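# Survey of secondary and tertiary structure
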Amino acid sequence: MKQLVLEISPPADPTFANFVTGRNREAVDALLNAARSASTSARVIYLWGFAGCGKTHLLRAFGLACGSALPENPARLCYVPVLGQQATHVLVDNVQSLDDAQQVSLFDAINQRALDPAATVVVTGNVAPRDLAVRPELSSRLGSGLVFALHPLNDAEKMQALDAHASSRGFCLRDDVVSYLLRHARRDMASLIGILDALDQYSLETGREITLPLLKQMAQPELLEGDGD
């Protein structure tokens with residue numbers, strides 16, 4: 001039984017290729033251009049939205065596209081080398097959680113890269129720049145570049161994302177399992193992906209195929225909101 005647990009495939013690294021774009025094509029294209037050091041006047045790219053909309057995925061995908069895998073829990077200010085350049089990009093996740101000293105460091109980093117055509121500052125947050133509870137000068141800088149509100153996926157796009165995640169872990173996801181999750185589970189992608197990972201592990205531990213009965217057997221109140229049928 002323990003050997004089966006050890007054989008679980010780790011989830012795929014977050015990349016632009018395995019991000020379900022939905023209505024976020026403009027944001028993805030801007031990040032891709034910056035990662036390729038394409039000519040752009042924007043030195044700051046700010047992504048914002050609710051938890052589970054893909055902000056951290058895109059931030060980490062940007063780092064990987066630049067040739068640097070970010071740590072699992074990236075530092076508040078993460079410096080990523082620009083391919084073929086001496087400059088470095090700056091990546092910050094959840095800017096709203098920075099303390100005052102970290103906000104000053106980010107403000108300085110943005111100013112230092114203002115005239116560097118190769119370096120980009122990519123920052124994520126939970127609200128638009130003007131609504132951030134940070135230093136006013138930092139809020140102004142974050143709003144001076146490209147600002148993208150990330151749109152959550154609709155159900156069809158969530159099904160596509162869940163299918164892709166299941167494939168990355170080596171199993172096929174049945175339609176009835178996906179439909180049940182979308183009806184009864186928490187709606188954000190982080191929760192849905194977490195349930196799939198737990199279901200995959202439970203399947204391997206029990207030696208049973210991933211089916212709707214297996215999901216219902218595994219399901220706990222903290223995972224699903226209710227079992228209506």
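Source: prediction; values computed, not measured. Residue positions are given per chain, counting from 1 as you read along its sequence in written order. Local features in this predicted model are restricted to residues of pLDDT 70 or higher, and side-chain atom pairs are both shown and tallied only at a pLDDT of 80 or more, whereas totals for entire chains, interfaces and linings draw on every residue. Side-chain figures throughout are based on the complete set of non-hydrogen atoms in the structure, without hydrogens or water.

Packing of helix α7 (residues 175-184) against helix α8 (residues 189-206) leaves a shortest axis separation of 11 Å and a crossing angle of 135°. Relative to α8, the element α7 is oriented oblique. The handedness of the crossing between α7 and α8 comes out as right-handed. In contact with V177, L181 and L182 of α7, α8 contributes L192, I195, L196 and L199. Throughout this entry, Asp, Glu, Lys and Arg are counted as charged residues, while Ala, Val, Leu, Ile, Met, Phe, Trp, Tyr, Cys and Pro are counted as nonpolar. The remaining residues, Gly among them, count as polar. Residue composition of the contact of α7 with α8, grouped by class: 7 nonpolar, no polar and no charged. Geometry is summarised by axes, namely lines fitted to C-alpha atoms with helices restricted to the contacting stretch, and by angles between N-to-C directions that run from 0 to 180 degrees. By the criteria applied, helices consist of DSSP H or I runs no shorter than four residues and strands consist of E runs no shorter than two, each listed in order from the N terminus. If an angle is under 35 degrees, it is roughly parallel; if it is over 145, roughly antiparallel; if it lies from 65 to 115, roughly perpendicular; otherwise it is oblique. If you view the pair so one helix is near and one far, a crossing is left-handed when the near helix is turned anticlockwise from the far one by less than a right angle, and right-handed when it is turned clockwise. It only takes one pair of heavy atoms within 4.5 Å for two residues to be counted as in contact.

Turning next to the nonpolar core. Residues L162, L173, L181 and L215 are the most contacted members of the largest nonpolar core, which totals 25 residues. At the level of elements, α6 (155-168), α7, α8 and α9 (212-218) are the ones that each hand at least two residues to this core. Ranked by residue count, the leading element in this core is α8, at 7 residues. Other than its neighbours up to four places away in sequence, L215 contacts V177, Y180, L181, I195 and L199. In plain words, nonpolar cores are sets of buried Ala, Val, Leu, Ile, Met, Phe, Trp, Tyr and Cys residues tied together by side-chain atoms within 4.5 Å. Buried residues are those whose accessible area, probed at 1.4 Å on protein chains only, stays under 20% of the maximum for their type, while exposed residues exceed 50% and partly exposed ones sit between those limits. Counting 23 residues, the second-largest nonpolar core is a separate cluster that includes L31, A34, L59 and C66.

Because each turn of an α-helix spans 3.6 residues, side chains separated by three or four positions end up pointing in the same direction. For helix α2 (residues 25-35), the set of buried residues is A27, V28, A30, L31, L32, A34 and A35. Along its buried surface, α2 packs onto β1 (44-48), α3 (55-65), β3 (88-92), β4 (121-125) and β5 (146-149). Directly beyond the C-terminal end of α2, a positive phi value near 60° is found at S37.

A side chain with one charge may pair with a side chain of the opposite charge, provided their charged atoms come close. When a carboxyl oxygen of Asp or Glu lies within 4 Å of a side-chain nitrogen of Lys or Arg, that pair is called a salt bridge. The full count for this structure, using the stated rule, is 6 salt bridges. Salt-bridge contacts for R135 lead to E137; the nearest nitrogen and oxygen are separated by 2.8 Å. Assessed through its relative accessible area of 28%, R135 is described here as partly exposed. Overall, E137 belongs to the partly exposed group, its relative accessible area being 30%.

The next point concerns the sheet that holds β5. A pair of strands counts as paired when DSSP detects no fewer than two bridges linking them. Taken together, the 5 strands give an open sheet; going across it, the order is β2-β3-β4-β1-β5, and neighbouring strands pair in mixed fashion. Only two strands of the sheet have a single neighbouring strand rather than two, namely β2 (78-81) and β5. For this sheet the average axis-to-axis angle between neighbouring strands, irrespective of direction, equals 15°. In this sheet, β5 lies alongside β1 in parallel orientation, the contact comprising 4 bridges. Bridging across to β5, L47 finds its partner in F148. Packing of α2 onto the sheet brings it into contact with β1, β3, β4 and β5, and relative to β1 it is tilted by some 145°.

Another point: the confidence of the model for the chain. pLDDT expresses, on a scale from 0 to 100, how confident the predictor is about each individual residue. Scored by pLDDT, the chain has a mean of 83; 85% of the residues are at 70 or more. The least confident element of the chain, judged by mean pLDDT, is helix α1 (residues 2-6) at 32; the most confident is β5 at 97. Scored below 50 in pLDDT, residues 1-9 makes 11 contacts in the model with residues more than four places away or belonging to other chains.

Here we take up the pairing of β4. Of all 5 residues in β4, 5 are buried; the element is thus mostly enclosed. What you see with β4 is no split at all: V121, V123 and G125 on one side and V122 and T124 on the other are buried throughout. Direction of pairing for β1 relative to β4: parallel, over a ladder of 5 bridges. Residue pairing in the sheet places W48 in a bridge with G125 of β4. Note: β3 against β4, 3 bridges, orientation parallel.

Within the chain, N94 stands out as a residue other than glycine whose phi angle is a positive 55°. Residue position: N94 is located in the loop between β3 and α4 (100-112).

Turning next to the pairing of β2. Every regular strand shows the same layout, with side chains that alternate between the two sheet faces. Burial of the side chains of β2 is restricted to one face: C78 and V80 are buried, whereas none of Y79 and P81 on the reverse face is. Of the pairings in the sheet, the one linking β2 to β3 comprises 4 bridges and is antiparallel in character. The partner of Y79 across the bridge, within β3, is V90.

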